[in-house]
Amino acid sequence: MPSSVMPTSHQIAVSATGLRKSYGDKTVLDGIDLRIPAGSVFALLGPNGAGKTTVVKILSTLVSAGGGQAHVAGHDIAADPQAVRSAIGVTGQFSAVDGLITGEENMLLMADLHHLPKPEGRRIAADLLERFDLSEAAKKPASTYSGGMKRRLDIAMTLVGNPRIIFLDEPTTGLDPRSRHTMWQIIRELVTDGVTVFLTTQYLEEADELADRVAVLNDGKIAAEGTPEELKRRVPGGHVRLRFTDPAAYHRAATALNEATRDDEALALQIPSAGSQRELRSLLDWLDSAGVEADELTVHTPDLDDVFFALTGGPATVPHQPKENVR
Amino acid sequence: MSPSLAVRDSNTMLRRNLLHARRYPSLTLNLLLTPIVLLLLFVYVFGDVMSAGMGGGGGADRSAYIAYVVPGILMMTIGGTVVGTAVSVSNDMTEGIIARFRTMAIHRGSVLIGHVVGSVLQCIASVVLVGAVAVAIGFRSTDATALEWLAALGLLALVALALTWIAVGMGMISPNAEAASNNALPLVVLPLISSAFVPVEAMPGWFQPIAEYQPFTPAIETLRGLLLGTEIGYNGWLAVAWCLALSALGYTWSKSTFNRDPK
């Protein structure tokens with residue numbers, strides 16, 4: 001498998017230029033460029049309907065691209081899909097296990113389809129079931145598994161062929177917090193084995209936790225790409241938010257603090273601030289001396305949420321979103 | 001991909017389908033019930049009238065009608081069994097595991113081949129079971145030689161293959177199990193309006209073409225000829241031609257549907 005990877009591209013696990021896809025006259029992907037170094041975790045972040053799943057489907061050879069080019073593990077996805085398939089493992093958004101047979105039978109099915117010798121297949125199946133905490137349920141039909149167990153079985157099946165590149169489409173959607181943390185742990189372990197992970201998520205926290213690089217997909221286009229740190233630096237810094245219940249106090253504060261951004265509807269002010277103790281104290285001192293009392297004071301440091309909402313236009317009702325951030 | 005890997009993957013898929021059938025036998029058994037009930041109904045309830053109507057003249061002697069109806073019932077068994085194939089193909093296609101198969105470096109056709117071979121094997125098993133019931137209630141082949149028995153089995157397998165490919169195509173285009181079962185209904189209804197239960201000549205004139213120009217009638221007449229020594233005539237070639245045409249049609253249809261981009 002990896003031996004067939006061309007030496008020139010062996011540092012890049014996935015690359016794409018101008019990927020397009022439309023269904024009917026609806027454009028889902030409108031020119032996607034990607035470059036993912038081998039051995040890294042790449043997160044494709046985006047709201048529902050942004051086209052994340054379509055990107056995964058195209059790169060994993062499930063559907064054909066409407067335009068553009070892509071190489072996965074050094075192989076052209078259109079010209080040599082079978083070579084791509086032998087290098088990748090895919091865990092889709094919807095459970096890809098056979099519910100009618102047991103977890104163990106699912107694993108052995110994968111071993112057979114990877115043409116492993118019987119004893120080796122059995123050993124790998126047992127090891128993976130053990131590693132994903134499924135040994136006890138191995139003899140039960142997969143349809144009786146909980147959501148988290150199904151997802152673990154799904155990933156275990158993906159790992160049977162020892163893929164070098166793994167696609168995970170929303171691996172934690174619909175999981176309870178505990179299963180979600182288990183899944184994160186699993187993904188981190190994969191990377192330490194040198195595997196490239198391409199994951200999609202709508203959770204910013206998840207991208208922040210796991211990914212070396214993040215691309216924000218919005219409306220079929222990559223709105224931004226970089227490390228989580230780089231992306232956070234792209235939006236204006238933090239701020240302090242003051243909320244009032246008394247309109248008179250709000251107006252007094254607003255006229256005095258002319259650097260603040262006003263939100264007249266919510267009776268809230270946003271003052272740019274890094275949130276340091278000194279800055280906060282001077283702000284509080286000023287409020288005291290002016291005789292203004294805010295009902296609520298919150299300190300806000302930028303996170304991927306800000307990046308996300310800034311880049312995707314965000315929900316119009318996000319209260320702490322400074323207007324100047326919206327492009 | 002080398003042919004040996006194609007065989008290996010298809011074999012893996014076949015084992016998966018047989019495992020399904022073994023784990024969940026209710027679908028197969030339900031479908032078996034229809035031909036057995038019809039066989040008993042036509043022999044024990046309508047049998048006397050039918051025998052009399054056929055000019056057997058014996059009145060109480062049902063054996064003539066048993067002999068007449070069994071070949072049709074066997075063909076109907078195949079029609080019923082492949083309805084199950086359409087349902088399980090449709091179920092399978094809505095499962096996420098098919099997407100997984102499509103992203104694996106396996107022989108692409110193995111998914112369908114597994115279904116087809118599994119279905120033909122199930123058809124043969126069903127035919128043997130229904131045949132055993134027929135023998136138990138008094139069906140006897142009159143003068144079939146070993147070669148004719150072999151030809152009869154070959155014909156049944158060929159019909160099973162043809163109807164299976166059609167059923168696979170029907171399963172592929174059905175969004176769910178109910179739709180698949182409805183779409184495959186003609187495969188159960190067609191034998192009813194063939195020469196399975198009454199000779200075509202006994203039907204009303206306007207209806208005779210419908211019974212005559214459909215795949216089940218020549219297949220049933222050929223089976224009758226092989227097992228009971230009646231005149232086969234050109235029915236043998238007609239049956240084989242129907243089977244080959246239906247197989248080719250079902251194969252092309254299923255394959256192009258499977259190769260289409262999934263939603």
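The rules behind the values
- Residues numbered from 1 in each chain as written.
- Chains lettered and ligands numbered in written order.
- Predicted model: local features only at pLDDT ≥ 70, side-chain atom pairs only at ≥ 80, totals over all residues.
- Heavy atoms only, no water.
- Helix = DSSP H or I, 4+ residues; strand = E, 2+ residues; numbered from the N terminus.
- Rg over C-alpha atoms; globule rule 2.2 N^0.38 Å.
- Contact = heavy atoms within 4.5 Å.
- Areas by Shrake-Rupley, 256 points an atom, 1.4 Å probe, with all protein chains shown as cover.
- Lys, Arg positive; Asp, Glu negative; His and termini not counted.
- Charge placed at Lys NZ, Arg CZ, Asp CG, Glu CD.
- Buried < 20%, exposed > 50% of the residue type's maximum accessible area, 1.4 Å probe, protein only.
- Arc of directions from axis to C-beta.
- Polar contact = N/O pair within 3.5 Å; in protein donor to acceptor, adjacent residues only side chain to side chain.
- Core = buried A, V, L, I, M, F, W, Y, C linked by side-chain atoms within 4.5 Å.
- Expected span 1.5 Å × (residues − 1).
- pLDDT = per-residue confidence, 0-100.
- Patch = residues over 30% accessible without salt bridge, like charges linked within 9 Å, V, L, I, M, F, W, Y side chains within 5 Å.
- Salt bridge = Lys/Arg side-chain N within 4 Å of Asp/Glu carboxyl O.
- Pairing = 2+ DSSP bridges.
- Domains from an automatic or database assignment.
- Axes fitted to C-alpha atoms, helices over the stretch in contact; angles between N-to-C directions.

Asker: How would you sum up the overall build of chain B? Please name residues and give values.
Answerer: When helices and strands are counted, chain B shows twelve helices and zero strands. Element order for chain B, N to C, with α for helix and β for strand: α-α-α-α-α-α-α-α-α-α-α-α. Scaling as 2.2 N^0.38, a compact globule of 263 residues should have a C-alpha radius of gyration of about 18 Å, and chain B matches this with 19 Å. Projecting the C-alpha coordinates of chain B onto the three principal axes gives extents of approximately 65 × 40 × 35 Å. Sequence separation of at least 24 residues holds for 79% of the intrachain contacts in chain B that already meet a minimum separation of 6. Looking at chain B as shown, the accessible area adds up to about 11700 Å², and 69% of this sits on carbon and sulfur atoms. Of note, chain B has its 14 positive side-chain charges centred 18 Å away from the centre of its 13 negative side-chain charges.

Asker: Tell me what's going on with helix α9 (residues 247–256) of chain A, and back it up with residues and numbers.
Answerer: Since the α-helix packs 3.6 residues into each turn, any two residues three or four apart lie on the same face. All names here are of chain A. Every buried residue of α9 is listed here: Ala-249, Tyr-250, Ala-253 and Ala-254. Burial along α9 is one-sided: seen end-on, the buried residues are contained in an arc of 130°. Contact partners of the buried residues in α9: β12 (261–263), β13 (268–272) and α10 (277–290). The backbone nitrogen of Ala-248 lies 3.1 Å from a side-chain oxygen of the residue at the head of α9, namely Asp-246.

Asker: Account for the nonpolar core, with residues named and values stated.
Answerer: Ranked by size, the top nonpolar core spans 122 residues in total, and within it Met107(A), Met110(A), Leu153(A), Met75(B), Ile78(B), Phe101(B) and Phe197(B) carry the most contacts. By residue number, the principal contributor to this core is helix α4 (residues 63–94) of chain B, which donates 16 residues. Those residues in contact with Met75(B), other than ones at most four positions away along the chain, are Leu155(B), Leu156(B), Val159(B), Phe216(B), Ala219(B), Ile220(B) and Leu223(B). In terms of nonpolar packing, the next biggest core, distinct from the first, is built from 30 residues, Leu29(A), Val55(A), Val63(A) and Val72(A) among them.

Asker: Can you break down helix α2 (residues 26–45) of chain B residue by residue, with the values?
Answerer: All names here are of chain B. Counted at 1.5 Å a residue, the expected span for α2 with its 20 residues is 28 Å, and the 27 Å between its end C-alpha atoms agrees. Those residues of α2 that sit buried are Leu-31, Leu-32, Pro-35, Leu-38, Leu-39, Phe-42 and Val-43. Looking at the buried residues of α2, the elements they touch are α3 (47–53), α4, α6 (110–136) and α9 (186–192).

Asker: Any chance you could break down the confidence of the model for chain B for me, citing the residues and the numbers?
Answerer: Residue and element names in this part refer to chain B. Looking at chain B as a whole, its pLDDT mean stands at 89, while 96% of the residues score no less than 70. Overall, residues 56–60 carries pLDDT values under 50, and its contacts beyond four positions in sequence, including any with other chains, amount to four contacts. What the predictor reports for the complex is a pTM of 0.81 with an ipTM of 0.85.

Asker: Please provide a residue-by-residue account of a nonpolar patch on the surface, values included.
Answerer: All names here are of chain B. Judged by side-chain polarity, Leu-33, Val-37, Leu-40, Leu-41, Tyr-44, Val-45 and Phe-46 come together as a nonpolar surface patch covering roughly 600 Å² of accessible area. Counting through the fold element by element, Phe-46 comes out in the loop between α2 and α3. Phe-46 sits in the partly exposed class, given a relative accessible area of 34%.

Asker: So what about the pairing of β13(A)? Which residues, and what values?
Answerer: If a strand is regular, its side chains alternate between the two faces of the sheet. All names here are of chain A. Of all the five residues making up β13, four are buried; the element is thus mostly covered by neighbouring parts of the structure. Bridging between strand β11 (residues 239–243) and β13 involves five bridges; their strand directions are antiparallel. Residue His-239 lies in a different strand from β13, and its bridge partner there is Pro-272. Looking at chain direction, β12 and β13 are connected through three bridges and run antiparallel. Each residue of the ladder has a partner; that of Arg-262, found in β13, is Leu-269. A loop of four residues connects β12 with β13, the two strands running antiparallel in sequence, and Leu-267 in this loop sits at a positive phi of about 55°.

Asker: Give me the domain arrangement of chain A: which residues, what numbers.
Answerer: Here the domain parsing of chain A yields domain 1 (2–97 + 145–233) and domain 2 (239–301). The gap between the C-alpha centroids of domain 1 of chain A and domain 2 of chain A is 43 Å.

Asker: Tell me about a negative patch on the surface, and name the residues and values.
Answerer: Residue and element names in this part refer to chain A. Residues Asp-246, Asp-285, Asp-288, Glu-293 and Asp-295 make up a contiguous surface patch of negative charge. Topologically, Glu-293 is positioned in the loop between α10 and β14 (296–300). Note on Glu-293: relative accessible area 68%, which makes it exposed.

Asker: Give a detailed account of unusual backbone geometry, specifying residues and quantitative values.
Answerer: Residue and element names in this part refer to chain A. Backbone geometry places Asp-219, a non-glycine residue, at a positive phi of 55°. Take Asp-219: it is sitting in the loop between β9 (213–218) and β10 (221–226). A positive phi is found at Leu-267, a non-glycine position, where the angle reads about 55°. On the secondary structure map, Leu-267 appears in the loop between β12 and β13. We classify Leu-267 as buried; its relative accessible area is 16%.

Asker: Which residues make up the sheet that holds β9(A), and what are the values?
Answerer: Residues and elements named next belong to chain A. Taken in spatial order, the six strands make up an open sheet running β6-β7-β8-β3-β9-β10, and their pairing is mixed. Whereas interior strands pair on both sides, the edge strands pair on one side only; in this sheet they are β6 (88–91) and β10. Averaged over all pairs of adjacent strands, the angle between their axes in this sheet comes to 15°, without regard to strand direction. One ladder, built from five bridges, connects β9 with β10; its direction is antiparallel. Paired with Leu-217 across the two strands is Ile-222, which belongs to β10. Of the strands in this sheet, β3 (41–45), β7 (165–169), β8 (196–201) and β9 touch helix α1 (residues 52–59), which is tilted by about 150° from β8. Along the sheet, helix α5 (residues 147–159) contacts β6 and β7; its crossing angle with β6, the most-contacted strand, is approximately 165°.

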